[in-house]
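# Geometric and topological summary
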Amino acid sequence: MKVIHLISGGDSGGAKTHVLSLLQHLNRTITAQLVCFRDGPFAQEARAMGIPTLICGGNNIPRLRRQLTELIRKGGYQLIHCHGSRANMVGALLRGVTGLPVTTTVHSDYKIDYMGRPLARCTFGVINTWALRRLDYRIGVSDAMVDLLIRRGFPADRFYAIYNGIDFTPAPDQGDRLPYLRSLGAQVDETSVVVGIAARLNPVKDMSTLIRGFAGAYQSCNKLRLVIAGDGEEREKLGNLARELGVEQQVTFAGWISGGMDRFYSALDINVLTSLSETFSYALTEGARFHLATISTAVGGIPYLIDDGVNGYLLEPKDFQTLGKRLADLGNDAALRREMGEKLFEKASTQFSIEKTVETQLYIYGEILRRHARPKRDRDGAVICGAYGRGNAGDDAILEAILQELRSIDPDMPVTVLSKDPLSTRLSYRVRSVSRMNVFAWKRAMRHAKLYINGGGSLIQDVTSRRSLWFYLHNIAAAKRCGCAVQMYGCGIGPVIRENHRRLSARVLNQSVDAITLREPDSLEELRSMGVTEPEILLTADPALTLQPAEDDQTDSVLLRAGIPPRGQYLCFALRPWKGFAQAAPLFGAAARYAYETYGLTPVFFSVEKHQDPEAGRLAAKDLGDMPHYFLDDAGGAGTIIGALSRMEAVVSMRLHALIFAAGQGIPLAGVVYDPKVSAFLRYIGQENFTDLEALTEERLREMIDRAAAEAKDPALQAAAVARLREIEGGNLAAARKLLGL
């Protein structure tokens, strides 16, 4: 593989470190040619590192374009990779003439790159904005940077994320830290706990919050000392603040550190970052290399490194009170510092090393070249429509599972999703998404797609809404008229109560649907009773059964943010508002008390739909008083929801997908049926431990909890049923593959 990298040659800071370390390591595997538009320290350092470097200078852009075109053709390069505004402009001009794919790494927010320089912003800034939108692919130096650009309207399926990695080879022994710290001016002794930060002293780093937090922590932990490495326009202001807060003697302004940063980080006990904005900070991974306990603001890509409460602490920008508490906790507990430092090192050294960065970059190159070589087709990909973008984790899990399965057929397949909240869908799944209300947009997508998927869940029903049924039936008919093959994917059917709706549904499905895959037998009976006979009908399973739990540290972080110790003994209640729930709510509270007193299970009221379900959980827990209980109002995406449910000893649920996720993890179940789809699923896996909401009694709930507690000792039967369902779930994918002709 041969890649040509374009850069101005005047870059510094994180962008410089990223590009040079990346190219140095890439050239061990591929040819990565660096072209700078001017000579200077950047190019000199690149040559010293063994990176093949050329200078193509001058302001004659047409001539530069001709030179680079000839260089690219003679050199046999396959891909153009840009860094920075001038390179982006040149890359946009080379895109058409070379026919090569052009990508750029976005190292910072282009809207603030020229802050305080209005002329540059009106020239280079405008040109860069134009160029960015004309390149083929974009790489953000964190998922947060990718999200930022997607919010600004860049196509969500043309993005990749990469993280700044460092070399985690163990540093040589740096010697006794006390003489070094004293040489910086710090007043330290053997008992001191040293907090450090390495950053510019400018407003975006918000050192005022750091000093305020440190001053608060010092009141309860007088062993703490703060060393600030860096300089900038806020130096005097920060010194005055330290004096005003009475910690002038405990805060050291060390200025810029010369001779590398290893000695500095090796002398610290706690690494801190209080920035208002970051992409992904090298300072945190450099500290992780030295096993430092770390506290940082939750900005940019930092939450992808630090799992709050697991391998470090996160706080909101300007929250000096929380910072002070965390500093005091770490200052007073050496064992906690060691635990946090070791866990952060473990994660950073495996996921944020330079080797991982290079591996990711090579994967991105491979995917770009594969996508670029993909034949252009008049009809390609899929349109997916369902109850997405509503904040319901169960519905969004269906979308995630369908996308996962379609990408297993063709990883480059273009997909458009109809969503109530298209921006949220773009951010979550990196796909094209249009509003359900934008008829012109989704019909345009249908005219270019090969397959339309009516995506899982119970969409064909008229219990919750007549308009919803009409919408989905209209879309199915429109997709067929636009020339799509149509599949209803791993879905539930019904109940469809009104006779005119039953006739309408049967007519549309018979005329417009090619294949229907169903998640349980009751839906098959409903289709038969309605007279649906024309589509191919297969009994499969819910696609969400294929999803896997998140990593343990991610799950731990979700639980800890809700105040839930990750390794307790818990009984989950996944409840939802429904007709008659208010009368039944005290029964769930009584059952929670019974489970706690009988089995020692602490209740966790778990929200699958984060907007509605918290109200139901609090209503059920209203009379628990001081008895231990927790609320998990937002467990994140499907992976962390499944991970959290896997920590439960048993699950009492009205929500279907809480039952599906728990069943997939072999967790004993007790179902409370508000809709036939709940009992249909439970019977399908051979589970009879359920009762109707209308017939619910305290005695019946106790019996179901007793049965679930007994099943916890022997989960083999349920696990076997779920394994069978996962096997037949493959029928959903097989039907889609057939309709796509792949």
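## Some words on the overall build of the protein
Counting its regular elements, the protein contains 29 helices and 26 strands. In terms of overall size, the protein behaves like a compact globule, its C-alpha atoms giving a radius of gyration of 29 Å where 742 residues would be expected to give roughly 27 Å. With respect to the principal axes defined by its C-alpha atoms, the protein has extents near 80 × 65 × 45 Å. Sorting the 742 residues of the protein into buried and exposed places 58% on the buried side. Counting contacts in the protein only where the partners sit at least 6 residues apart, residues at least 24 apart contribute 71% of the total. A total of about 30,200 Å² of accessible surface is found on the protein, and carbon and sulfur atoms cover 49% of it.

## Remarks on the packing of aromatic side chains
Scanning the entire structure with this criterion turns up 17 aromatic pairs. Relative to Tyr472, the ring of Phe471 has its centre 5.3 Å away and its plane inclined at 75°; by these criteria the two rings are edge-to-face. You can call Phe471 buried: its relative accessible area is 16%. When the ring of Phe573 is compared with that of Phe605, the centres are 5.4 Å apart and the planes differ by 20°; the resulting orientation is stacked. With Phe573 in strand S21 (residues 570-574) and Phe605 in strand S22 (residues 602-606), this pair connects stretches of sequence that are 32 residues apart. Overall, the relative accessible area of 1% leaves Phe573 in the buried class. Note on Phe605: relative accessible area 2%, which makes it buried. Taken together through their ring pairs, the aromatic side chains of Phe573, Phe581, Phe588, Phe605 and Phe631 make up a single cluster. One residue, Arg133, lies across the ring of Phe154, its end atom 4.0 Å from the ring centre.

## Details of the sheet that holds S22
Strand pairs in the sheet, formed through backbone hydrogen bonds, run parallel or antiparallel to each other. Taken in spatial order, the six strands make up an open sheet running S23-S22-S21-S24-S25-S26, and their pairing is parallel. The open sheet is flanked by strand S23 (630-632) and strand S26 (690-692), the only strands paired with a single partner. In this sheet, adjacent strand axes meet at a mean angle of 20° when their direction is disregarded. Packing against the sheet, helix H22 (residues 581-599) makes contact with S21, S22, strand S24 (650-653) and strand S25 (669-673), and its axis sits at approximately 170° to S21.

What counts and how
- Residues numbered from 1 in each chain as written.
- Predicted model: local features only at pLDDT ≥ 70, side-chain atom pairs only at ≥ 80, totals over all residues.
- Heavy atoms only, no water.
- Helix = DSSP H or I, 4+ residues; strand = E, 2+ residues; numbered from the N terminus.
- Rg over C-alpha atoms; globule rule 2.2 N^0.38 Å.
- Buried < 20%, exposed > 50% of the residue type's maximum accessible area, 1.4 Å probe, protein only.
- Contact = heavy atoms within 4.5 Å.
- Areas by Shrake-Rupley, 256 points an atom, 1.4 Å probe, with all protein chains shown as cover.
- Phe/Tyr/Trp six-rings, centres within 6.5 Å; stacked < 30°, edge-to-face > 60°.
- Lys NZ or Arg CZ within 6 Å of the ring centre and 35° of its normal.
- Pairing = 2+ DSSP bridges.
- Axes fitted to C-alpha atoms, helices over the stretch in contact; angles between N-to-C directions.

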